[in-house]
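# Results of the structural survey
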Amino acid sequence: MIDTDVDLQPLNTLAIAAKANYFARVNSLEQLLEALEFSRRRQLPVLPLGGGSNIVLTGDFPGLVIHLQLQGVSMVDTGEDTLVTAAAGENWHQLVMRTVEQGIGGLENLALIPGCIGAAPIQNIGAYGVELRDIFWDLTAVHIASGEQQKFSASDCQFEYRNSVFKGSTLDQYVITQVRMRLPRRWVPRVDYPALQHYFSEHRLDAAEQGPDEIARAVIAIRSSKLPDPAEIPNAGSFFKNPLVSESCYFALKQRYPELVAFPAGERWKLAAGWLIERAGWRGRRINNVGVHHRQALVLVNPGRGPGAEVTRLAAEIATDIYQKFGVELEPEPRYYP
Ligand code: FAD
Ligand code: EPU
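Residues numbered from 1 in each chain as written. Chains lettered and ligands numbered in written order. Predicted model: local features only at pLDDT ≥ 70, side-chain atom pairs only at ≥ 80, totals over all residues. Heavy atoms only, no water.

## Observations regarding the sheet that holds strand 13 (residues 235–238)
Using the following cut-off: Two strands qualify as a pair provided that DSSP identifies no fewer than 2 bridges between them. Helix numbering and strand numbering both begin at the N terminus, where a helix is a DSSP run of H or I of at least 4 residues and a strand a DSSP run of E of at least 2. Contacts between residues were defined by any pair of non-hydrogen atoms, one from each residue, lying within 4.5 Å. To obtain each axis, a line is fitted to C-alpha atoms, and for helices this fit is confined to the stretch in contact; angles are then taken between N-to-C directions over 0 to 180 degrees.
The strand order 13-19-18-17 describes an open sheet built from 4 strands, whose pairing is antiparallel. On the outer flanks of this sheet lie strand 13 and strand 17 (286–287), each paired with one strand and no other. Where strand 13 and strand 19 (residues 299–301) come together, 2 bridges link them in antiparallel fashion. The partner of Ser-238 across the bridge, within strand 19, is Val-299. Its contacts with the sheet put helix 8 (residues 308–326) on strand 17, strand 18 (290–292) and strand 19, and the angle it makes with strand 18 is roughly 35 degrees.

If you want it as structure tokens, here you go:
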């Protein structure tokens, strides 16, 4: 059941060549517990893997990669909402489309995000004005050190923009096996995001009148127009988080760059990192195997299928340049391994 020296290139969307010293494909809770038992006996670090769309492999992984293939979806109408339960290995986008096709609203803005259900809570996935935390109910996870199952409520998960407890105090301690979401029957369209507004006005449609199906279609069209498909051009989506800065920092930058793109985020401002990177002249640049996407400067691409070090070197160069030019620190969004 445990394989050795497994090639991870087909299993990460940056298409980086790297190996897992040990590798297990798990289809059931029982297999997961056995794999974790193996890792404990050998004191191996564990990397739970879904679709590999938010990782950067900087070398071989010196432990056990557990490829989660747990399947199963159920949808229960509680009267007030639809309780959607999905196993970690289910594909995120397929689940979104399954709800949308049944006329159930709530997930449509999150259409076409690559990856699996089990990874969605890790960084509280978000797009087009909605985040997982808006419809999240709870999740079940296995504690790696003890093999015990535990439930996490929304507050336990400590969701923030592109962040959760699983990237903080419980980093590397749990494997998520199941996620539950509540999609309210009294659905309200979320169409404030500028690109959605623009899309509907261009198509002469009243944004507020659109159903989940039309919104999902709009999101898919917008995303397809600027984000590269990893199957054609390897990438990991946005490479950096949009930085949150103080009001004084925002106003100082806005004075210097009136065209700066930023959005209020509580007491802070969220800067469009893509704008900073484009403005610094990086959009469309290629260095050896890697580069910056020509239509979305926040996306680093790996068309030459180069090693992780090339990707991280380019990211570091960009971050240094942005800091020197704007005094703003960029933090990578995907996780670097090992
Ligand atoms: P993986 O890359 O396999 O894993 C990511 C991290 O989660 C790793 O640290 C891994 O160990 C951990 N993990 C995975 N599964 C589990 C589990 N079951 N239990 C515990 N830990 C686990 N993200 C957004 O938020 N919004 C977007 O709009 C968006 N657009 C994208 C567009 C493109 C083209 C690409 C390539 C990526 C995009 N992403 C986006 C990033 C990515 O799709 C999400 O982060 C997604 O949730 C990752 O899922 P995955 O299964 O591929 O995770
Ligand atoms: N912009 C530029 N040049 C660029 C890219 C962006 O000027 O090259 C400016 C534009 O003004 C644009 C604005 O930045 O209007 C925002 O761009 P976009 O709508 O493409 O969103 P983003 O901030 O670049 C974020 C998420 C995406 C998510 C979209 C839609 C982060 C780090 N990224 O990108 O998530 O799909 O919003 O909500 O928050 C991901 O996390 O991997 C990801 C793709």
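That shown, we press on.
## Digging into the site of ligand 1
Going by this rule: Nearness is defined per residue: one heavy atom within 4 Å of the molecule or strand is enough. Polar contacts, as used here, are pairs of N or O atoms within 3.5 Å; protein pairs need one atom able to donate a hydrogen and one able to accept it. Residues neighboring in sequence count only if both atoms are side-chain atoms. We get accessible surface area from the Shrake-Rupley algorithm with a probe of 1.4 Å; when it comes to residues, only the shown protein chains can shield them. Just so you know the grouping, Ala, Val, Leu, Ile, Met, Phe, Trp, Tyr, Cys and Pro go in nonpolar, Asp, Glu, Lys and Arg go in charged, and all remaining residues, Gly too, go in polar.
Ligand 1 sits among 34 residues. The nearest are Pro-48, Gly-51, Ser-53, Arg-223 and Tyr-337. One nitrogen or oxygen atom from the main chain of Gly-126 is found 2.8 Å from a nitrogen atom belonging to ligand 1. With the chains in place, 94% of the 970 Å² that ligand 1 exposes on its own is no longer accessible. Residue assignment for the shell around ligand 1 shows that the elements contributing at least two residues are strand 3 (46–49), strand 8 (126–127), strand 12 (174–184) and strand 13. By residue class, the composition of the shell around ligand 1 is 19 nonpolar, 12 polar and 3 charged.

## Considering the domain arrangement of the protein chain
Let me state the cut-off plainly: Note that the domain bounds reflect an automated or database-derived domain assignment. Buried area adds together the accessible area that both of two parts lose upon being put together, with accessible area traced by a 1.4 Å probe. Criterion for a salt bridge: a side-chain nitrogen of Lys or Arg within 4 Å of a carboxyl oxygen of Asp or Glu.
Examined at the domain level, the protein chain breaks down into domain 1 (2–68), domain 2 (73–184) and domain 3 (235–337). Taken residue by residue, the interface counts 12 residues in domain 1 and 14 residues in domain 2. Across the interface of domain 1 and domain 2, roughly 1,000 Å² is buried in total on both sides, 70% from carbon and sulfur atoms. In this structure, the connection of domain 1 to domain 2 is made through 0 salt bridges. Our enumeration of links across domain 1 and domain 2 arrives at 2 residue pairs in polar contact (both at pLDDT 80 or more). At the level of secondary structure, the elements contributing two or more residues to the side of domain 1 that touches domain 2 comprise helix 1 (29–41) and strand 3. The element best represented in the side of domain 1 that touches domain 2 is helix 1, accounting for 5 residues. Among the residues making up the side of domain 1 that touches domain 2, the classes are represented as 7 nonpolar, 4 polar and 1 charged.

## Remarks on the site of ligand 2
Taken together, 22 residues sit near ligand 2, with Tyr-128, Tyr-161, Tyr-193, Glu-278 and Glu-333 positioned nearest. Take Arg-223: an N or O atom from its side chain is 3.5 Å from an oxygen atom of ligand 2. Ala-297 is positioned with one of its backbone polar atoms (N or O) 2.8 Å from an oxygen atom of ligand 2. Within the complex, 83% of the 820 Å² of free accessible area of ligand 2 lies under protein. Here the shell around ligand 2 gets 3 residues from one element, more than from any other, and that element is helix 7 (residues 273–279).

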